[in-house]
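# Coordinate inspection notes
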Amino acid sequence: MADRLVISSSPRAVPVPDWGHGAIEPMLPALLRGVIFISVLAAPFVAALLAG
């Protein structure tokens, strides 16, 4: 039983830093897409404000 506890806890402890680091990477392209999308939407309004 002790062997099962060691085997079951060690594989769970190893992927945690990799999974935490890997979870950030898919967010970066999504954030960039969001920034580009908002800037494209805001561009006509900024141009109208600058034109006066």
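Residues numbered from 1 in each chain as written. Predicted model: local features only at pLDDT ≥ 70, side-chain atom pairs only at ≥ 80, totals over all residues. Heavy atoms only, no water.

### A look at the overall build of the chain
- Assigned secondary structure in the chain consists of three helices and zero strands.
- Counting all 52 residues of the chain, 0% fall into the buried class.
- Of the accessible surface of the chain, which amounts to about 4,900 Å², a share of 78% is contributed by carbon and sulfur atoms. (Helix = DSSP H or I, 4+ residues; strand = E, 2+ residues; numbered from the N terminus. Buried < 20%, exposed > 50% of the residue type's maximum accessible area, 1.4 Å probe, protein only. Areas by Shrake-Rupley, 256 points an atom, 1.4 Å probe, with all protein chains shown as cover.)

### Observations regarding helix α3 (residues 27-51)
- Its 25 residues place the ends of α3 35 Å apart at the C-alpha level, agreeing with the 36 Å of an ideal helix rising 1.5 Å per residue.
- When the local axis directions of α3 are compared, the greatest deviation, roughly 40°, occurs at A42, which is followed within four positions by the proline P44.
- In terms of burial, α3 is a largely surface element, zero of the 25 residues being buried.
- Looking at the residues trailing α3, positive phi occurs at G52, about 85°. (Expected span 1.5 Å × (residues − 1). Bend = angle between axes of the 7 residues up to and from the residue.)

### Section: a nonpolar patch on the surface
- Together, M27, L28 and L31 make up a nonpolar patch on the protein surface, roughly 310 Å² of accessible area in all.
- Its location among the elements puts L31 in helix α3. (Patch = residues over 30% accessible without salt bridge, like charges linked within 9 Å, V, L, I, M, F, W, Y side chains within 5 Å. Salt bridge = Lys/Arg side-chain N within 4 Å of Asp/Glu carboxyl O.)

### Points about the confidence of the model for the chain
- Within the chain, residue pLDDT values average 75, and 54% of them lie at 70 or more.
- Across the chain, the element-wise mean pLDDT spans from 54 in helix α1 (residues 2-13) up to 94 in α3. (pLDDT = per-residue confidence, 0-100.)

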